[in-house]
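Observations on the model geometry
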Amino acid sequence: MRFAAIIVAGGRGARAGGDIPKQYKLLAGKPVIAWSASALAGAGASEIVIAGAPEHADLCRAATAGPSTVRIVEGGPTRTASVRAGLAAIGDADAILVHDAARPGLDAEMIGALLAKLETGASAVAPALALPDTLRRTDAGGRIVEDVARDGLMRIQTPQAFRADALRAAYAALAPDASLTDDIAAVRANGGEALLIPGDAKLMKITYPEDIVMLERMLGAERIICVGNGVDAHRFGDGAFVTLCGVRIPHSKGLIGHSDADAGWHALVDAILGALGEGDIGAHFPPSDPQWKGTDSERFLRHAAKIATDAGARIVHVDVTLLCERPKIGPHREAMRARTAEVLGLALSRVSVKATTTERMGFLGREEGLAAQATATVERPA
Ligand code: MG
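Heads up: these notes are all about the structure in this document. (Residues numbered from 1 in each chain as written. Predicted model: local features only at pLDDT ≥ 70, side-chain atom pairs only at ≥ 80, totals over all residues. Heavy atoms only, no water.)

On to the nonpolar core, then. By size, the foremost hydrophobic cluster in this structure holds 47 residues, and its most contacted members are Leu244, Leu268, Ile272, Met336 and Leu344. Among the elements that make up this core, the one with the highest residue count is helix 8 (residues 263-276) (10 residues). Dropping the residues within four chain positions of it, leucine 244 is found in contact with Ile249, Leu255, Asp262, Ala263, Gly264, Leu322, Ile329, Met336 and Leu370. Formed by 29 residues, the second largest nonpolar core is a distinct cluster that contains Ile50, Cys60, Ala95 and Ile111. (Core = buried A, V, L, I, M, F, W, Y, C linked by side-chain atoms within 4.5 Å. Buried < 20%, exposed > 50% of the residue type's maximum accessible area, 1.4 Å probe, protein only. Helix = DSSP H or I, 4+ residues; strand = E, 2+ residues; numbered from the N terminus. Contact = heavy atoms within 4.5 Å.)

Structure, rendered in structure tokens:
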């Protein structure tokens, strides 16, 4: 059976975090959308048309540069409009598979099972899973208003496979502004019959950042623990306070630096970048660039955390040691921990801040400056 595929990739994916839509984030080192595109290409799809948002066309092209059968078209404002755009771009095929870009756990076995079922004469086939949880309907205030029997209820996944003529006829019969959550609905609305086959937990839809980590485990992708370290020092100068780990501490001197000279967070940024193999703070925020002058180091730390998220990594634990004779760090230690945990989105138990002196030895002992050392433990794709 000659089959083509449409991958719907119009989502902006705000819930999955970061600036990049979830379908272009890395899953075990490979963009989410590329997993399905290569599974479809490997299973012999004659064409793979991706309907995506025009502003992400470059991301999409870069993510799916492998298979030569991939084409990218401009999607519409709704899923249904995107499928319509995909259908218009597809040439001759007996069957068309319509798939969501955010479901990367597609394999040749599932594609084969869908097509085999379609061969039995159905006009549409979808993978589906039973619901293990109890279902209840609630009102807008969250109060339970009804128990719902789950017998016969199924969670419908994608890809959904269609006889090409049945899908085209169903779309031709839809109102121009129709907006459906899947394509079985279009075929059924047009009088077609749809069958279900057993779904696959791996075909879960990525919605939240944790979903990527969960899917990597399900796909058996290796994740490794990496430890990065960072060191920073700043010279004391005129001033009435120092900023360390995001906390302003009154002092008889200030710290000299291009930014706010927060040596604690600078060392921590380097530790996180180190665990990710992403260079150092100077490469990301060159001191020669005037835009970082006087910058609150929170921006640097948030940036490092975002690089980790974008790489599919998870910061497990951080530990910062401040080295100075004065100011006394002890009274501010908990506030520093809390600020660091807040900015990194970590539980307090995953953040350590501590301090030591150098027994009056060296430049730290002479109070010429202050230094910091940090370690970041990061779990990430191998
Ligand atoms: Mg620094």
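This paragraph deals with the coordination of the magnesium ion. For the magnesium ion, every protein donor is listed as Asp232 (OD), His234 (NE2) and His266 (ND1), and the spread of their distances is 2.1 to 2.2 Å. Positions of the donor residues of the magnesium ion, expressed as sequence spacing, correspond to D-x1-H-x31-H. Here the residue histidine 234 occupies a position in strand 13 (residues 223-237), and histidine 266 occupies one in helix 8, the gap between them amounting to 32 residues. Here histidine 234 and histidine 266 have matching classes, each one buried. (Donors = N, O, S within 2.8 Å, 3.2 Å for Na, K, Ca; no water.)

A word on a negative patch on the surface. A cluster of acidic residues, Asp92, Asp94, Glu119 and Asp165, forms a negative patch at the surface. Structurally, aspartate 92 is set in the loop between helix 3 (79-89) and strand 6 (95-100). (Patch = residues over 30% accessible without salt bridge, like charges linked within 9 Å, V, L, I, M, F, W, Y side chains within 5 Å. Areas by Shrake-Rupley, 256 points an atom, 1.4 Å probe, with all protein chains shown as cover. Salt bridge = Lys/Arg side-chain N within 4 Å of Asp/Glu carboxyl O. Lys, Arg positive; Asp, Glu negative; His and termini not counted. Charge placed at Lys NZ, Arg CZ, Asp CG, Glu CD.)

What follows covers the sheet that holds strand 13. Strand order in the open sheet made by the five strands is 16-13-19-17-18, with mixed pairing throughout. Where the open sheet ends on each side, the last strands, each with one partner, are strand 16 (254-256) and strand 18 (351-356). On average, adjacent strands in this sheet sit at an angle of 30° to one another, irrespective of strand direction. Across six bridges, the pairing between strand 17 (residues 314-323) and strand 18 is parallel. Bridge pairing in strand 18 links valine 320 to valine 353. (Pairing = 2+ DSSP bridges. Axes fitted to C-alpha atoms, helices over the stretch in contact; angles between N-to-C directions.)

For the rest of this paragraph, the subject is the packing of aromatic side chains. To describe a pair of aromatic rings, one takes the distance between the centres and the angle between the planes. Inspection of every chain in the model, using the stated rule, returns three aromatic pairs. Here the aromatic rings of phenylalanine 285 and tryptophan 292 are separated by 4.7 Å at their centres, their planes lie at 90°, and the arrangement is edge-to-face. As far as the burial class goes, phenylalanine 285 and tryptophan 292 line up, both buried. Measuring from centroid to centroid gives 5.9 Å for tryptophan 292 and phenylalanine 300, while their planes differ by 75°, and the two rings are edge-to-face. Both residues of the pair, tryptophan 292 and phenylalanine 300, count as buried. Taken together, the ring pairs connect Phe285, Trp292 and Phe300 into an aromatic cluster. Its guanidinium or amino end placed over the ring of tryptophan 35, lysine 30 lies 4.6 Å from that ring's centre, counting from NZ or CZ. Of note, arginine 248 hangs over the ring of phenylalanine 241, and the distance from its end group to the ring centre comes to 3.7 Å. (Phe/Tyr/Trp six-rings, centres within 6.5 Å; stacked < 30°, edge-to-face > 60°. Lys NZ or Arg CZ within 6 Å of the ring centre and 35° of its normal.)

So far we have only geometry, and geometry alone does not tell us how the molecule works.
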